[in-house]
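Okay, here's what each chain looks like letter by letter:
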Amino acid sequence: MADRTPVAVFISGSGTNMAALLYASRAADCPYEIVLVLSNNPEASGLKLAEAEGVPTFARPHKGIPRAEHDALMEAEVLAAGARYIALAGYMRILSPEFVGRWEGRMLNIHPSLLPKYKGLHTHDRAIEAGDSHGGCTVHLVTAELDDGPVLGQTPVAIIPGDTGDTLAARVLFAEHQLYSRTLAAFVARENNADWLLEKVRALAAALPEVEERESHGAAGWRVGGKYFAYFNDQHHGTPHIALLVKTSGQDELAALIEQDADTWFRPAYYGASGWAGLILNRPDVDWDHAADWLRRSWAAVAPRRLAAMLEF
């Protein structure tokens, strides 16, 4: 299969969710691999399991170290391992806003409640005391506010008469192990998913004035004033690329873009002869602001004059 997306996992204790992520990654079709397991607790038993399974580990106690400094030490190891995503799996340490900001959209956490209910600790006891019919678990993106990021997936778990926090927690843990690996796999696979990439491009194009979407030669395209300024290319004409096609000023600029960054740009079949450039989308860490800038520029190249003043460049 294609290269797997490298993921680092943070733990503080037994690491059962880390183990679930790790063993799920052994499936032939899993889109991610665990490249490093880190902990703020050198005695965390999950570290021993990771080592036994051949996964590199790193531990650094946080006591006596300023929060942001400890986060930076952990982050340096993550970057050295080449990880592109972080999965928090029972990491009992609040992260600094600076660290969270640097990993915005690329750090996931699993929480033992159906968020937004019961942020923080003692979630199972609180669900039982509230008379809820279900507890459960949530995978979400990490933001600076505790347990408050966008929800990526949830699994409800029924509360049985006579349940205690411990008995409910034991059943929720089964759900966590299944939900986390499934959600992480789906999340990292988006960057190669044509439907998801198309929706990203569609939203950017729709934000421009007086844009009409119309299919052309089996591909989504966007027009202004009756003229196309962008197309979505899903591995057309034998290329391996999922791409956004945009107008350049001509062959010289197209050649320069490819020469400067062949991992980002290519000359599309058929369209390239007219100076269109292919901005590759099925690659790691696409800069969507960059894509939006090129859409605006391409739009301006064909838009009627009365519209040109509506956008500032």
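What comes next concerns the included structure. Values in this document were obtained by computation on a predicted structure and should not be read as measured data. (Residues numbered from 1 in each chain as written. Predicted model: local features only at pLDDT ≥ 70, side-chain atom pairs only at ≥ 80, totals over all residues. Heavy atoms only, no water.)

### Some details on the nonpolar core
For step 1, the next point in the chain: One finds V9, Y32, I34 and V37 to be the most contacted residues of the largest nonpolar core, which totals 35 residues.
For step 2, the next point in the chain: Mapped by element, the contributors of at least two residues to this core are β1 (5–11), α1 (16–24), β2 (32–39), α2 (45–52), β4 (85–88), β5 (107–111), β6 (134–141) and α6 (165–189).
For step 3, the next point in the chain: A per-element tally of this core places α6 first, with nine residues.
For step 4, the next point in the chain: Leave out the neighbours within four places in its chain, and Y32 touches R4, T5, V7, L21, A24, S25, S181, L184, A185 and V188.
For step 5, the next point in the chain: Core analysis: the next-biggest nonpolar cluster, separate from the first, contains 30 residues, L198, V201, F229 and W265 among them. (Core = buried A, V, L, I, M, F, W, Y, C linked by side-chain atoms within 4.5 Å. Buried < 20%, exposed > 50% of the residue type's maximum accessible area, 1.4 Å probe, protein only. Helix = DSSP H or I, 4+ residues; strand = E, 2+ residues; numbered from the N terminus. Contact = heavy atoms within 4.5 Å.)

### Points about the packing of aromatic side chains
For step 1, the next point in the chain: One pass over the full model with this rule turns up ten aromatic pairs.
For step 2, the next point in the chain: Between W196 and W288, the ring centres sit 6.4 Å apart and the planes meet at 80 degrees, which makes this aromatic pair edge-to-face. Pair noted here: W196 is in helix α7 (residues 194–206) and W288 is in helix α9 (residues 288–302), with a separation of 92 residues, a long-range link.
For step 3, the next point in the chain: Seen from their ring centres, Y231 and W276 are 5.0 Å apart, and the 55 degrees between their planes marks the pair as tilted. In this pair, Y231 is assigned in strand β10 (residues 227–234) and W276 in strand β13 (residues 276–280), connecting sequence segments 45 residues apart.
For step 4, the next point in the chain: Its relative accessible area of 8% is what places Y231 among the buried residues. (Phe/Tyr/Trp six-rings, centres within 6.5 Å; stacked < 30°, edge-to-face > 60°.)

### Some points on the environment of A205
For step 1, the next point in the chain: The residue A205 is located in helix α7 in this model.
For step 2, the next point in the chain: Taking the relative accessible area as the measure of exposure, A205 reaches 0% and is therefore buried.
For step 3, the next point in the chain: Expressed as a C-alpha distance, the spacing of A205 and L36, which sit 169 residues apart in the sequence, is 38 Å.
For step 4, the next point in the chain: Those residues in contact with A205, other than ones at most four positions away along the chain, are V211, W222 and L295.

### Structural notes on the pattern of salt bridges
For step 1, the next point in the chain: Per the stated rule, a full pass over the model turns up 14 salt bridges.
For step 2, the next point in the chain: Among the ionic pairs, K117 bridges to D132, the shortest N-O distance being 3.4 Å. In this pair, K117 is assigned in the loop between β5 and α5 (123–129) and D132 in the loop between α5 and β6, connecting sequence segments 15 residues apart.
For step 3, the next point in the chain: K117 gets classed as partly exposed once you look at its relative accessible area, which sits at 42%.
For step 4, the next point in the chain: Residue classification places D132 among the buried positions, given a relative accessible area of 16%.
For step 5, the next point in the chain: Within this structure, R84, E191 and D285 form a network of salt bridges that share partners. (Salt bridge = Lys/Arg side-chain N within 4 Å of Asp/Glu carboxyl O.)

### A closer look at the layout of surface pockets
For step 1, the next point in the chain: Considered as a void within the structure, the largest pocket measures approximately 890 Å³ in volume.
For step 2, the next point in the chain: Elements supplying a minimum of two residues to the lining of the largest pocket: α1, β5, α5 and α6.
For step 3, the next point in the chain: Considering every element that reaches the lining of the largest pocket, the biggest residue donor is α6, with four residues.
For step 4, the next point in the chain: Grouping the amino acids of the lining of the largest pocket by side-chain chemistry returns 16 nonpolar, 15 polar and four charged. (1 Å grid on protein atoms, 1.4 Å probe; cavity = no way out; pocket = protein on both sides within 12 Å on 5 of 7 lines; lining within 4 Å. Points joined across faces, edges and corners; volume = space filled by probe spheres on them. Nonpolar A, V, L, I, M, F, W, Y, C, P; charged D, E, K, R; others polar.)

### A word on the sheet that holds β1
For step 1, the next point in the chain: Reading across the sheet, the seven strands line up as β3-β2-β1-β4-β5-β6-β7 and stay open at both edges, with mixed pairing between neighbours. Each edge of the open sheet is held by one strand with a lone partner, namely β3 (57–59) and β7 (151–158). Averaged over all pairs of adjacent strands, the angle between strand axes in this sheet comes to 20 degrees, irrespective of strand direction.
For step 2, the next point in the chain: Where β2 meets β3, three bridges bridge the pair, whose relative direction is parallel. Within β3, the residue paired with V37 across the bridge is T57.
For step 3, the next point in the chain: On top of the sheet, helix α3 (residues 67–80) reaches β1, β2, β3 and β4; it is set at about 150 degrees to β2, its chief contact. (Pairing = 2+ DSSP bridges. Axes fitted to C-alpha atoms, helices over the stretch in contact; angles between N-to-C directions.)

### Here's the deal with helix α8 (residues 251–260)
Structural remark: α-helix, 3.6 residues per turn; residues separated by three or four positions point the same way.
For step 1, the next point in the chain: Taken residue by residue, α8 has E253, L254 and L257 as its buried positions. Seen end-on, α8 carries its buried residues on one side only, within an arc spanning 100 degrees. Of the residues in α8, the exposed ones pointing more than 90 degrees away from the buried face are D252 and E259.
For step 2, the next point in the chain: Looking at the buried positions of α8, the neighbouring elements they touch are β12 (265–266), β13 and α9. (Arc of directions from axis to C-beta.)

### A closer look at the packing of α7 against α9
For step 1, the next point in the chain: Contact geometry of α7 with α9 gives a least axis separation of 10 Å together with a crossing angle of 50 degrees. For the element pair α7 / α9, the angle class is oblique. Like other packed secondary-structure pairs, α7 and α9 cross with a definite hand, here right-handed. Residues W196, L197, K200, V201, L204 and A205 of α7 lie in contact with α9, whose contacting residues are W288, A291, A292 and L295.
For step 2, the next point in the chain: In terms of residue class, the contact of α7 with α9 is built from nine nonpolar, no polar and one charged. (Parallel < 35°, antiparallel > 145°, perpendicular 65-115°, else oblique. Left-handed = near helix turned anticlockwise from the far one by under 90°.)

### Quick word on the pairing of strand β11 (residues 242–247)
Within a regular strand, side chains alternate between the sheet's two faces.
For step 1, the next point in the chain: Within β11, five of the six residues are buried, which leaves the element mostly enclosed by the surrounding structure.
For step 2, the next point in the chain: Relative to β11, β10 is paired through five bridges, and the arrangement is antiparallel. The partner of F232 across the bridge, within β11, is L244.
For step 3, the next point in the chain: Alignment of β11 against β13, held across five bridges, turns out to be antiparallel. Looking at the pairing, A243 lines up with I280 of β13.

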